[in-house]
Each structure stands twice: as C-alpha cells, then as structure tokens.
Amino acid sequence: LEVVEAAPCLECAKLALVYRAGKPDKEAAKKQAEELGLTAPNDLAKLVSEREEAVQAVAARLCANLPGAKTESLLLKTLRDKALRSDRPKAFAAVVDALGRLNCVKAQDEIKSEFGQYRSQEIMRACTRYFGQTRCKDEGVVRSLCEMLDSPQPAGVDDASNPPASYWESRWKQWNWIRRDVAWTLKEITGQAFQPADGDKTGDSKKALAWLRENGKKAGIK
C-alpha cells in the first residue's frame, strides 16, 4: 500500500519543487506588503519569492519521507538548481536535509563543495548535518569539522591579506549557529564526543584532530 501511495505523493513534490506563485499568492503578498508599509517593487518580489520558497521547502521535506531511486534523482536534479541555491537558501537547505535523511551518498561531492561557500546559516547547517546523516568518511570533510569545533579567527591579525573584521563577524555568526551540529556530526562519524567552543571555553579541535591522526584510517576515514 505504501508503494502504491508514494507515486502520486512524489508527483506532487515534483510539481511543488518548481512552484511559481499564482494570482492568489501574489495578491496575498501584495496585501502583506501594504500591511507592512512596504512600497518598493523589490519588497513585493521578495515576499512572493518567500512564498514560493516555503512551498519548495515543504516539498523537499515530503521527499525525505519517500525513499527510492526516483526521489533521489528528483532531489539531485533540484540540488543542481543554481537559482535555488543562491536565492532561496531555506528551500535549498531542505533539499540537502532530505538527501541526508535518505542517506543519498551520491550528493556528497556537490554538498562538500557547497559546504565551503558559507552562503547562509541554513545551508551550512544542512550541509553539516548531511555529513553526519550519511556518516561521511571523507578525510578532508572530517578534518574541517574538527577544526570547526573552535571559533573562526584570523591566523594573523596584522597580516595585510587578512579579510576585514566584517568577514570574521559573519563567519563567527554562522559558526555559532552550527557549532553544536558540528559536534553532533562528528559524534555520528567517529563515535567520539567532542565539545565545541562555548564562551571563554575553547573547543576540542586539537583533541579531535589528534583522534583523526591516530584513529582515522582504522575508522575508514580516508
């Protein structure tokens, strides 16, 4: 019965993943803009886009409950949508999360590439948790996660090539958003409990990296 019911659900998800707002949504967005006192055309467009993004995110979450090759293929195709990635981070993050929940390792290379972009908090969290959900054994990924137990900071404050303070502030906010997800993911991959930095307390980055050097190969991390 579940197999029979999955097909129409997947078709609904397929349509919703490329959803574009119709007249009712646009009218509702216009009313919302008026209530908020927003008059610029870009403001209205943003509200319409947010409605489309919400539908796409729900569609991705539906896919997470419909395991199978067709679902994975649909999500992988959506993952490669550059507009979704750049303009609708919540929807894109939901796609990454669905792939993780389905243990779709085929997405690992693309998610690994996105992981280093720091586009948004939502996407970074989804990518981080994906590696835990799939128990990623990529040494580069695991090493990066170990390093992320400590807060990001410049190696040399006076170095001319050092990015501006605004860059580090943004990085810190993203790191603070996902630091506990980093610890959770490392526990899923390594079986070891490592703590992220918290206030004045430094994180277990050095401890985690030492574990990786001593035990990584035995744990299948390469």
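Each residue is numbered by its place in its chain's sequence as written, counting from 1. The predicted nature of this model means local features are confined to residues of pLDDT at least 70 and side-chain atom pairs, given and counted, to a pLDDT of 80 or more, with totals for whole chains, interfaces and linings taken over all residues. Hydrogen atoms and water are omitted, and side-chain values are computed over all heavy atoms in the structure.

Visitor: Explain the overall build of the protein here, please?
Guide: Per the secondary structure count, the protein includes 11 helices and 0 strands. A helix here means a DSSP run of H or I that spans at least four residues, while a strand means a run of E at least two residues long, and both kinds are numbered starting from the N terminus. Sequence-ordered secondary structure for the protein, helices as α and strands as β, is α-α-α-α-α-α-α-α-α-α-α. Summarising its shape, the C-alpha atoms of the protein cover approximately 60 × 50 × 25 Å along the three principal directions. Each residue is placed in one exposure class: buried if its accessible area under a 1.4 Å probe, protein chains only, is under 20% of its type's maximum, exposed if it is over 50%, and partly exposed if it falls in between. Across the 222 residues in the protein, those meeting the buried criterion constitute 41%. Expressed as a percentage of contacts within the protein between residues at least 6 apart in sequence, the contacts between residues at least 24 apart total 68%. The accessible surface values rely on the Shrake-Rupley method and a 1.4 Å probe; as for residues, cover is taken only from the protein chains in view. In the form shown here, the protein has an accessible surface area of approximately 13100 Å², with 52% of it arising from carbon and sulfur atoms. Contacts are assigned to residue pairs that have any heavy atoms within 4.5 Å of one another.

Visitor: When you look at helix H7 (residues 108-115) in this model, what are you seeing that I'm missing?
Guide: An α-helical segment advances 3.6 residues per turn. Residues three or four places apart therefore align on the same side. Those residues of H7 that sit buried are Gln108, Ile111, Glu114 and Phe115. The buried residues of H7 all sit within an arc of 125 degrees when viewed along its axis, so they share a single face. Residues of H7 that are buried make contact with helix H4 (69-79), helix H5 (82-87), helix H6 (89-101), helix H8 (121-133) and helix H9 (139-147). Directions pointing from the helix axis toward each C-beta atom define the arc.

Visitor: Explanation requested: the side chain of Gln108 in the structure shown.
Guide: Inspection of the secondary structure puts Gln108 in helix H7. Take Gln108: its relative accessible area is 17%, and that puts it in the buried class. Residues contacting Gln108, with those up to four places away along its chain left out, are Tyr130, Cys136 and Asp138.

Visitor: Looking at this structure, how should I read the side chain of Asp97?
Guide: One can find Asp97 in helix H6. N or O atoms closer than or at 3.5 Å make up a polar contact, with two conditions inside protein: a donor-capable atom paired with an acceptor-capable one, and, for residues adjacent in sequence, both atoms drawn from side chains. Within the structure, Asp97 has its side chain in polar contact with the side chain of Arg101 (distance 2.7 Å). Apart from residues lying up to four places away in sequence, Asp97 is in contact with Ala126 and Gln133.

Visitor: Please clarify how the pattern of salt bridges should be interpreted in this entry.
Guide: Two side chains that carry opposite charge are able to pair once their charged atoms sit near each other. For salt bridges, the criterion is a side-chain nitrogen of Lys or Arg within 4 Å of an Asp or Glu carboxyl oxygen. In total, this model carries 15 salt bridges according to the counting rule given. Of the charged contacts, one joins Arg85 and Glu114 as a salt bridge, the two residues approaching to 3.3 Å between their closest N and O atoms. You can see Arg85 sitting in helix H5 and its partner Glu114 sitting in helix H7, a full 29 residues away along the chain. In this pair, the class of Arg85 matches that of Glu114, namely buried. With its nearest N and O atoms 3.7 Å apart, the salt bridge here joins Asp198 to Arg179.

Visitor: Looking at this model, I keep getting lost on the packing of helix H3 (residues 41-63) against H6. Mind explaining?
Guide: To describe two helices that pack against each other, one gives the angle between their axes and the distance between the axes. Angular values range over 0 to 180 degrees, each being the angle between N-to-C directions of two axes fitted as lines to C-alpha atoms, with helices fitted over their stretch in contact. Where H3 contacts H6, the two axes come as close as 8 Å, and the packing angle between them is 5 degrees. Between H3 and H6, the angle falls in the class roughly parallel. Contacts between H3 and H6 pair Glu53, Gln56, Ala57, Ala60 and Arg61 from the former with Pro89, Lys90, Ala91, Ala94, Val95 and Ala98 from the latter. Convention used here: angles under 35 degrees read as roughly parallel, angles over 145 as roughly antiparallel, angles from 65 to 115 as roughly perpendicular, and any remaining angle as oblique.

Visitor: Honestly, the confidence of the model for the protein in this entry has me stumped. Any pointers?
Guide: When pLDDT drops low, the exact placement of atoms in the prediction is not to be read closely. Chain-level statistics for the protein give a pLDDT mean of 91 and a share of 94% at 70 or above. Each residue gets a pLDDT score, which is the predictor's confidence in that residue and runs from 0 to 100. By mean pLDDT, the top-scoring element of the protein is helix H11 (residues 205-215) (98), and the lowest-scoring one is helix H1 (residues 2-17) (76).

Visitor: Is there a simple way to explain the packing of aromatic side chains in this structure?
Guide: Planes of paired rings set the category: under 30 degrees apart is stacked, over 60 is edge-to-face and the rest tilted, where pairs are Phe, Tyr or Trp rings (Trp by its six-membered ring) whose centres lie within 6.5 Å. Throughout the structure, instances matching the rule amount to 4 aromatic pairs. When the ring of Tyr167 is compared with that of Trp168, the centres are 5.0 Å apart and the planes differ by 85 degrees; the resulting orientation is edge-to-face. Judged by relative accessible area, which is 34%, Tyr167 ranks as partly exposed. For Trp168, a relative accessible area of 18% gives the class buried. Between Trp172 and Trp175 the ring centres are 6.1 Å apart and the planes differ by 50 degrees, which places this aromatic pair in the tilted class. Within this pair, Trp172 and its partner Trp175 are both found in helix H10 (residues 165-190), separated by 3 residues, close to a single helical turn. Among the residues examined, Trp172 registers a relative accessible area of 40% and is labelled partly exposed. In textbook terms, an aromatic cluster arises when at least three aromatic residues are bridged by ring pairs, as seen for Phe115, Tyr130 and Phe131. It is Arg129 that lies over the ring of Trp184; its NZ or CZ is 4.1 Å from the centre. In this analysis the charged atom, NZ for Lys or CZ for Arg, is taken to sit over a ring once it is within 6 Å of the ring centre and within 35 degrees of the ring normal. Sitting above the plane of the Tyr118 ring, Arg171 keeps its charged end 4.0 Å from the centroid.

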